[in-house]
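Below, each chain spelled out in residue letters.
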Amino acid sequence: MKISVKSFRKKRHPVSILYPCLAPVLIVVFLSACTVREIRRQGAYFESGGSIRGSITLATAKKGPVIVHLYKHEKNVLRLVTTAQAGSNGAYRLWAEPGTYVVAAYIDSNNDSVYQKGDLWNYYGEPTAVAVAANQAVTLDAFVISDQPPDMPAFKVESSLLKAKENIGKVIGLDAPVFTADNYSMGMWRPLDFLEQVGGGLLFLQDFEAGKMPILFVHGINGGPSDFGYLIAHLDRKRYQPWVLYYPSGIPLEMVSNYLAGAVVSLQNRHHFERFAVVGHSMGGLVTRSFVKRYVELHRERAEDIALVMTINSPLAGLPSAAYGAKSPFPVQSWRDIAPGSAFLNDLNDWAWPDRIPYYLIFSYDNDDSDGVVPLLRQLPLQRQLEAARVFGFHNDHVDTLSDPSFLHVFQSILTKSANSNPVHSRKADK
């Protein structure tokens, strides 16, 4: 491992990003302008979530991804609330608010992530209603998809999928009106409103083009895709295509990384690309690392599809100030995850980074021991340094590194090296 540090003249500009390291009194002042009751309600919604997990086995020669559907059971209506692709071993895990559900799955034989008449499918049980209580993790027995699917149950079926699911692969411009500071703030304080009104998702900034490596950009807390505007503007569009993850930064981070893993695999099924890179800033670096863990766990054979991973000024060892914020009267769920000793961080820290995925750690320092937001001690835990192929440091504040020409040079050099050593090719072409 080599460490490179580049110094240059600091740039100052107003920063409208609220981080949990702000004093509690400032948080209260900020929230006095918000609907406090709604903030509490929306935080409690995600705090009470449970999960359903299980596995699916195949008793058929049919090939294709296995897509799992989760339906909320309300009277005689099955309301589709989320979907996910089962892993290569048939395992699946779905987040669920308290309620009663039905689980079903089908083989997506034409890779379009849409059930078509004739696709082989089955449901769990007869179908069996699955009750999920607050904070409960429900584990189901395996069920089988065979050449003889069951009769359709006598229920009315409706869709309540979030916009974020529908927006996977949607093409949008970085100057779109959804990318605003007000929406970024909504995503932190009122994430349910964000999901309903803004939507978010894994978005394209241009039409998909085979042969160009996707670069996924993952923003941090109270941030958004426009934070990466300088890097994206200088991206070589002849070789790369930028994608942006847009998510409400106040929700549990595992929900974000699970969504991203599912979205990437869905796009791989659709477009047959392999190599891609992931770049996360601030808290987005933790989302990125969690995404890699989830992606590799579900699809171990695809680990080398990740050409490189980069985290920038990320609280890799957590932020002690986030623990105070999580105990405030207005807790944000993601604060709980970035507090040292959280279940989320412990899970990441107990996991061994795959040697075959190049990892680049970027840190910044605005004064002796911090970038103004994340202390160096929190950006540079020893174990993360040991995992890194290279570590680069910049004399900048927390956000200025993203628009620094020196960092841009390093960023472009790393991309070029990775693209040259790992050429993009098509899954379809290999078959």
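Coordinates for the structure precede this section.
Residues numbered from 1 in each chain as written. Predicted model: local features only at pLDDT ≥ 70, side-chain atom pairs only at ≥ 80, totals over all residues. Heavy atoms only, no water.

### Some thoughts on the packing of aromatic side chains
What counts, and what does not: Geometry of aromatic contacts follows a simple scheme: Phe, Tyr and Trp rings, the Trp one being its six-membered ring, pair when their centres are within 6.5 Å, and the pair is stacked under 30 degrees between planes, edge-to-face over 60, tilted otherwise. When a residue's accessible area, from a 1.4 Å probe over protein chains only, is under 20% of the maximum for its type it is buried; when over 50% it is exposed; and in between it is partly exposed. Note on geometry: a ring has a charge over it if NZ (lysine) or CZ (arginine) is within 6 Å of the ring centre and within 35 degrees of the ring normal.
In this structure the tally under the stated criterion is 26 aromatic pairs. The interplanar angle of 45 degrees and the centroid separation of 5.2 Å between the aromatic rings of Trp 353 and Tyr 359 together place this pair among those described as tilted. There is no split in this pair, since Trp 353 and Tyr 359 are both buried. Ring plane angle 35 degrees and centroid distance 6.4 Å describe the contact between Phe 363 and Tyr 365, whose orientation is recorded as tilted. Grouping residues by exposure puts Phe 363 and Tyr 365 together as buried. Here the aromatic cluster, defined as three or more aromatic residues joined through ring pairs, consists of Phe 204, Phe 208, Trp 243, Phe 273, Phe 276, Phe 291 and Tyr 295. Taking the ring centre of Tyr 359 as reference, the NZ or CZ of Arg 289 above it sits at 5.1 Å.

### Looking at helix α14 (residues 405-421)
Cut-off, in case you're wondering: Strands here are runs of E lasting at least two residues and helices are runs of H or I lasting at least four, both read from the DSSP assignment and numbered beginning at the N terminus. Expected helix span is taken as 1.5 Å per residue step, with the number of steps being one fewer than the number of residues. Directions drawn from the helix axis to the C-beta atoms are what define this arc.
Under the 1.5 Å per step criterion, the end-to-end length of α14 is 24 Å for 17 residues, consistent within 8% with the ideal 24 Å. Here α14 has its buried residues at Phe 407, Leu 408, Val 410, Phe 411, Ile 414, Leu 415, Ser 418 and Ala 419. Burial along α14 is one-sided: seen end-on, the buried residues are contained in an arc of 165 degrees. Residues of α14 that are exposed and point more than 90 degrees away from the buried face comprise Pro 405, Lys 417 and Asn 420.

### Section: the pattern of salt bridges
Threshold: Should a side-chain nitrogen of Lys or Arg be within 4 Å of a carboxyl oxygen of Asp or Glu, the pair is scored as a salt bridge.
Applying the stated criterion across every chain yields a total of 14 salt bridges. Of the charged contacts, one joins Glu 74 and Arg 79 as a salt bridge, the two residues approaching to 3.0 Å between their closest N and O atoms. Overall, Glu 74 belongs to the partly exposed group, its relative accessible area being 31%. The class for Arg 79 is partly exposed, based on a relative accessible area of 24%. Glu 158 is the partner of Arg 79 in a salt bridge, and the nearest nitrogen-oxygen pair spans 2.7 Å. Of this pair, Arg 79 sits in strand β4 (residues 77-85) while Glu 158 sits in strand β11 (residues 156-159), and the two are 79 residues apart along the sequence. Connected through shared salt-bridge partners, Glu 74, Arg 79, Lys 156 and Glu 158 make up one network.

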